[in-house]
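Inside the fold
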Amino acid sequence: MVQKLDQKLPVANEYLLLSGGVREGVVDLDLDELNVYARGTDYDMDFTLLVPALKLHDRNQPVTLDMRHSALCHSWLSLRLFDEGTISKWKDCCTIVDHINGATNYFFSPTKVADWFYDSISIVLSEIQKKPQRGMPKVEKVEKNGTIISIILGVGSSRMLYDIVPVVSFKGWPAVAQSWLMENHFWDGKITEEEVISGFYLVPACSYKGKKDNEWRLSFARSEVQLKKCISSSLMQAYQACKAIIIKLLSRPKALSPYHLRSIMLWACDRLPANYLAQEDFAAHFLLGLIDDLQHCLVNKMCPNYFIPQCNMLEHLSEETVVLHARKLSSVRSDPAEHLRTAIEHVKAANRLTLELQRRGSTTSIPSPQSDGGDPNQPDDRLAKKLQQLVTENPGKSISVFINPDDVTRPHFRIDDKFF
């Protein structure tokens, strides 16, 4: 629907859905501007959806990544070499630089693209609310945080948070990360190089000293999805456990995010023997190792980006922040089991709160997805209750359910050969 508004979005588009919101650093964004959502009260599951605003997959299309003004792992995107149609379509989302020789350079602006995207989504959601369709999720909340749009959808008895990120999508591999391909890696022989370097993104996030109206950050989220296939289940368990411990503990002041932890895990995979990492019962060992590696990176203010190692993602930290978080990590290292138990209890408490809010329905001050009485979006459990009633009333008979994909809230039941 956004594409139909002004035809800016590519017609044939490819969206990448990642588990974990940008609040968890999936695409390594600057999270300082994002509001804090309380899991349980606001949402039960969170995802990041990357939406290509520009899709640069044509090898004949010359692309100018201008890294002269940016920190490592960041770039400006010039549309100077694009066709007149593309420039005309996106001119209002560009910053314009006029040169002495009279030439005009158009730089694709992450902030202006995000503003346009938010305005477009707001128009679409307004139209949907005027003419609600059966089977559509209920929009509980829409917020714009910097360049990120956050939408909470009520689906049955669950809430899902989507952080929607307008990005620039590329085929292939950027020259700045070419040297990384020359090294030996843990995934060699397990997946092909073509799978790893199938594409990358520019996400709307600037460096700490960059110009936010012009600067994008390189993201290798697609490659990370492929590399994840090569990581043992026990190491992934340790990563999830470590993430559960540190995400709240080290969130203020902002220093380490799960993206740093993910990078540390990938570096560990390159460094450690494959037969050691494949041990199925070593999750506890791996957890301690990740904490130790995290502490080492912190005190040395050194965490290289996995794909662009010359980019140090911690060089901006102050000594005060380093000391504060190093002490917190030392506490975790002294008794990781206790910190993990605490994290699990927090999850259980959030789940209990969600169930309590659902039971309260419309009596709570926080809207529940099931409290929308006359709304055409019927809760998921009505189908189950109806089916249970039919089973009770028709013992021994064959009962089938047919659902029209154009209207999933109106199921048709068949008892033996009779429809109703």
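What you see is a predicted model; the values in this text were computed from it and never measured.

A few points about helix α9 (residues 283–299)
Compared with an ideal rise of 1.5 Å per residue, which puts 17 residues at 24 Å, α9 spans 25 Å between its outermost C-alpha atoms and is within 8% of the ideal. For α9, every residue scored as buried is listed here: Ala283, Phe286, Leu287, Leu290, Ile291, Asp293, Leu294, Gln295, Cys297 and Leu298. Looking one or two places after α9, you find lysine 301, whose phi comes out positive at around 50°.

Quick word on the packing of helix α7 (residues 258–271) against α9
Following both chains from N to C, one finds α7 and α9 inclined at 110°, their axes separated by 10 Å at the closest point. The orientation of α7 with respect to α9, classified from their angle, is roughly perpendicular. Considering the relative orientation of α7 and α9, their crossing is right-handed. Residue-level contacts link Leu261, Ile264, Met265, Ala268 and Arg271 of α7 to Leu290, Asp293, Leu294 and Cys297 of α9. Among the residues making up the contact of α7 with α9, the classes are represented as seven nonpolar, no polar and two charged.

Points about α7
Taking 1.5 Å per residue as the helical rise, α7 with its 14 residues ought to reach 20 Å, and the 20 Å between its terminal C-alpha atoms agrees with that figure. Buried residues dominate α7, accounting for 11 of its 14 residues.

Let's talk about the environment of serine 232
Along the chain, serine 232 falls in the loop between α5 (221–227) and α6 (233–249). With residues up to four places along the chain from it excluded, the contact list for serine 232 reads Leu277, Ala278 and Phe286.

Observations regarding unusual backbone geometry
Of note, the phi angle at glutamine 7 is positive, near 60°, even though the residue is not glycine. Within the secondary structure, glutamine 7 sits in the loop between α1 (2–6) and β1 (16–19). In this structure glutamine 7 comes out as partly exposed when scored by relative accessible area, which is 43%.

So, a negative patch on the surface
A cluster of acidic residues, Asp188, Glu193, Glu194 and Glu195, forms a negative patch on the protein surface. Summarising the element assignment, glutamate 195 is placed in helix α4 (residues 193–196).

A word on the pairing of strand β6 (residues 104–108)
The buried count for β6 comes to four of five residues, which makes it a mostly enclosed element. Sheet topology note: the strand β5 (residues 94–98)/β6 ladder contains five bridges and is antiparallel. In the sheet register, threonine 95 faces β6, and the bridge partner there is phenylalanine 107.

A word on the side chain of serine 120
Of note, serine 120 is situated in helix α3 (residues 110–130). The residues touching serine 120, leaving out its near neighbours within four places in the chain, are Val2 and Leu5.

What about the environment of proline 258?
Take proline 258: it is sitting in helix α7. Considering only alpha carbons, one finds proline 258 and arginine 23, 235 residues apart in sequence, at a separation of 9.1 Å. When near neighbours in sequence (up to four residues on either side) are disregarded, proline 258 contacts Glu24, Tyr239, Lys243 and Ile247.

Side note on the pattern of salt bridges
Inspection of the entire model under this criterion finds 14 salt bridges. Taking the shortest distance from any N to any O, the salt bridge between lysine 130 and glutamate 127 comes out at 3.6 Å. A residue pair is termed a helical-turn pair when its members lie 3 or 4 positions apart in one helix, as lysine 130 and glutamate 127 do in helix α3 at three residues. Look at lysine 130 and you get exposed, because its relative accessible area is 59%. For glutamate 127, a relative accessible area of 36% puts it in the partly exposed group.

Quick notes on the rules
- Residues numbered from 1 in each chain as written.
- Predicted model: local features only at pLDDT ≥ 70, side-chain atom pairs only at ≥ 80, totals over all residues.
- Heavy atoms only, no water.
- Helix = DSSP H or I, 4+ residues; strand = E, 2+ residues; numbered from the N terminus.
- Expected span 1.5 Å × (residues − 1).
- Buried < 20%, exposed > 50% of the residue type's maximum accessible area, 1.4 Å probe, protein only.
- Axes fitted to C-alpha atoms, helices over the stretch in contact; angles between N-to-C directions.
- Parallel < 35°, antiparallel > 145°, perpendicular 65-115°, else oblique.
- Left-handed = near helix turned anticlockwise from the far one by under 90°.
- Contact = heavy atoms within 4.5 Å.
- Nonpolar A, V, L, I, M, F, W, Y, C, P; charged D, E, K, R; others polar.
- Patch = residues over 30% accessible without salt bridge, like charges linked within 9 Å, V, L, I, M, F, W, Y side chains within 5 Å.
- Areas by Shrake-Rupley, 256 points an atom, 1.4 Å probe, with all protein chains shown as cover.
- Salt bridge = Lys/Arg side-chain N within 4 Å of Asp/Glu carboxyl O.
- Lys, Arg positive; Asp, Glu negative; His and termini not counted.
- Charge placed at Lys NZ, Arg CZ, Asp CG, Glu CD.
- Pairing = 2+ DSSP bridges.

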